[in-house]
Amino acid sequence: MSLLDNCLKSVCGDRVSLETARKTFYFILALFVMLIIIALPQLPSFYKGDEVIPLTQNAKIVIGVLCFAVIMWMTEAIPFPATSLLLIIFLHIMSVDGFGNLVKSGLGNQSIMFLMGAMGLSAAMTESGLARRFMLWMLTKVGRRTDRIVLAFIVTGTLLSMWITDMAVAAMLLPLGMSILQGSNCKPLESNFGRALMIGIVWGALIGGTATPAGCGANVLAMQFVRDIAKLDVSFAQWMMVGVPGALLMIPVSWYALIKIFPMEMKEIPITLESIHTELKKLGGLNTKEIKTLVVFVVAVCLWLFGSYLTPIFGFKTPEAFVALLAFVLLFLPGLRVFETWKDASRSIDWGGLILIAGGISAGLLLASTGAARWIAWGALSEVGSLHPVLRVLAVITLVELLKIFFSSNSVTGAVIMPLIITLAMDIGMNPWVLAGPAGIASSMAFIMVTSSPTNVIPYSSGYFRISEFAKAGIVMTIIAILCVTFSVAVFGRFAGMNIWM
């Protein structure tokens, strides 16, 4: 029992549970920290040449409220979505902005519509069986070699996670991986094949989440902050021009690292893959729901990638959020219906996650508009401007990855770091997208801590690896990911509007 737990037990006795006492302590601590920050005397200004960069009272309030939220997010004293709603409440009570504006900037943001639509499309791919069919087909091409099986799970997870939420991908791959391990008599915490396969499921899902805006909520958050704060329009295709090469680079290197960190105790599994072949045969040809989902999915991807070129033909723009919402609605229409009722679809939408992102957007935009982000960025990160352009990108990605150790949500990381990064880029005369894009990609690379993402917890529940083993491999993977994303930005960034060499 920790020192804190002992203290709480001595104070509260048996009147309340230790967990309740701990959460109450963290909540009071967060309130105390917030009030202290707000009550601090005027802090010194920073200077950009002759220009003064002050910390106004409203900026101080936003920082205080955000520190409250960070403590709540880190300790999970109250649920993530409830913390985000408290952000809006506190900012209104303290007159930083009107309640209507706060709600509009968060819940009224088009990112919420994008995520709702993308989650709905993801649910349709899972519900119809299309995602599972693709997964089984992919694995039938592998054979019995253990190293190839691990590679197949990483590749499958990556390809699926580009379009389906990370958690859903991990949840789909887990039972298939477990059946292979159990059929091969691989014992939990003893089998290196088991360790590599389960961690490979996590890595595949996280790698795929970096490749497209639809892969992770933090990606959409990054794009939206660039649009709202820097007033730059970035597209789905621009993200993919950097995200996809980075993800493809990570696959072989991460696979090689994984099989070296955990040398396999067997070269081939002692069973055939007939069970997978049999299961795939049982599915037969594409059923009606799968065909409908595939049609809607292809339409959505084509519009995401080429919608800007079709504007003159359509007579209206097709932003990412519009396309995601259109695809979701199509799944209910006669002839294309995949979901019979709204309740069927809504069960697969993470409404709490949407609220979390909405609160993060509200606070993040105020962090920028009050000058708080500029004051923090200039005080803590201004030296980044003196680095070589490649090292700037490397430094930003590394910073985000360090934050990922403490936050158990990709969206939380994005909400905290993105306004700072964008403001810093604008101050040092860089295109904000050059730093914000890599930072957004890095927000979903939660490779070190099991607690850094719910996606990580799903394979961990199998019992085949320890938290320490995950962290050991994750440190190596984080270095690989940082280098791969930096390389992708340096080489392919010029095609995505983030040319670091200019």
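Here is a short report on the structure shown in this document.

About the criteria used
Chains are numbered independently. Their residues run from 1 in the order of the written sequence. In view of the model being predicted, local features appear only for residues whose pLDDT reaches at least 70, and side-chain atom pairs are presented and counted only at 80 or more, with totals across whole chains, interfaces and linings using the full set of residues. Side-chain measures here rest on the full set of heavy atoms in the structure, leaving out hydrogens and waters. Using a 1 Å grid laid over the protein atoms alone, points where a 1.4 Å probe fits but cannot get out form a cavity; open sets with protein on both sides within 12 Å along at least 5 of 7 lines form a pocket; any residue with an atom within 4 Å of a point counts as lining. Grid points are joined across faces, edges and corners, and a volume is the space filled by probe spheres set on the points. Runs of E in the DSSP output that reach at least two residues are strands. Runs of H or I that reach at least four are helices, and both are numbered from the N terminus. All residues other than Ala, Val, Leu, Ile, Met, Phe, Trp, Tyr, Cys, Pro, Asp, Glu, Lys and Arg, Gly among them, are scored as polar; the first ten of these are nonpolar and the last four charged. In a helix, the anticipated span is given by 1.5 Å times the number of residues less one. Only protein chains enter the calculation, and the probe is 1.4 Å; a residue is then buried if its accessible area is under 20% of its type maximum, exposed if over 50%, and partly exposed in between. Just to be clear on terms, a salt bridge is a Lys or Arg side-chain nitrogen sitting within 4 Å of an Asp or Glu carboxyl oxygen. Axis lines are fitted to C-alpha atoms, over the contacting stretch for helices. Their N-to-C directions set the angle, which ranges from 0 to 180 degrees. Geometric relationships in this document are graded by angle, where less than 35 degrees denotes roughly parallel, more than 145 denotes roughly antiparallel, 65 to 115 denotes roughly perpendicular, and other angles denote oblique. Should the near helix be turned anticlockwise from the far one by less than a right angle, the crossing is left-handed, and should it be turned clockwise, the crossing is right-handed. Contacts are assigned to residue pairs with any non-hydrogen atoms lying within 4.5 Å of each other. Patch construction takes residues with relative accessible area above 30% that form no salt bridge. Like charges are linked within 9 Å, and nonpolar side chains (Val, Leu, Ile, Met, Phe, Trp, Tyr) are linked within 5 Å. Residue-level accessible areas treat just the shown protein chains as cover; the underlying method is Shrake-Rupley with a 1.4 Å probe.

Our next topic: the layout of surface pockets. If you add up the space inside the second largest pocket, you get close to 500 Å³. Contributing to the lining of the second largest pocket are 20 residues, with Asp233, Ser235, Ser308, Thr318 and Glu320 lying nearest its centre. Elements that contribute at least two residues to the lining of the second largest pocket include exactly α12 (236–261) and α14 (288–314). Tallied by class, residues from the lining of the second largest pocket come to nine nonpolar, seven polar and four charged.

With 12 residues, helix α21 (residues 432–443) should cover 16 Å at 1.5 Å per step; its first-to-last C-alpha distance of 16 Å lies within 8% of that length. When you tally the buried positions in α21, you get 12 out of 12 residues, the bulk of the element. By the burial criterion, the buried members of α21 are Pro432, Trp433, Val434, Leu435, Ala436, Gly437, Pro438, Ala439, Gly440, Ile441, Ala442 and Ser443.

On to the pattern of salt bridges. What the rule picks out here adds up to five salt bridges. Here arginine 466 and glutamate 469 are joined by a salt bridge, their closest N and O atoms 3.2 Å apart. Since its relative accessible area comes to 39%, arginine 466 is described here as partly exposed. Via salt bridges that share partners, Arg195, Arg466 and Glu469 belong to a single interconnected network.

Counting across every chain of the model gives two cavities of 30 Å³ or more. Of the voids in this model, the largest cavity is the one considered here, and its volume is about 80 Å³. Around the largest cavity sit 10 residues that line it, and Phe114, Val220, Gln224, Arg227 and Glu320 are the ones nearest its centre. Broken down by secondary-structure element, the contributors of at least two residues to the lining of the largest cavity are α6 (110–128), α11 (217–229) and α15 (320–330). The leading source of residues in the lining of the largest cavity is α11, at four residues. Its residues placed into classes, the lining of the largest cavity shows five nonpolar, three polar and two charged.

Below, the discussion takes up the packing of helix α7 (residues 130–140) against helix α9 (residues 166–183). Put simply, α7 and α9 touch, their axes get as near as 11 Å, and they point 40° apart. As the angle between them shows, α7 and α9 are arranged oblique. Between α7 and α9 lies a crossing whose hand is right-handed. Contacts between α7 and α9 involve Ala131, Arg132, Met135, Leu136 and Leu139 from the first element and Met172, Leu173 and Leu176 from the second. Residues belonging to the contact of α7 with α9 are distributed by class as follows: seven nonpolar, no polar and one charged.

Attention shifts here to the packing of α12 against α21. How two helices sit against one another is set out by the angle between their axes and by the gap between those axes. The geometry of α12 relative to α21 is characterised by a closest axis approach of 11 Å and an angle of 65° between their N-to-C directions. Handedness of the crossing formed by α12 with α21: right-handed. Contact residues: α12 offers Gln238, Trp239, Val242 and Gly243, while α21 offers Trp433, Gly437, Gly440 and Ile441. Split into classes, the residues belonging to the contact of α12 with α21 amount to four nonpolar, four polar and no charged.

Here we come to a nonpolar patch on the surface. On the surface, a nonpolar cluster with roughly 440 Å² of combined accessible area is contributed by Leu286, Ile291, Leu294, Val295, Val298 and Val299. Within the secondary structure, leucine 286 sits in the loop between α13 (274–283) and α14. Of the residues examined, leucine 286 reaches a relative accessible area of 42% and is grouped as partly exposed.

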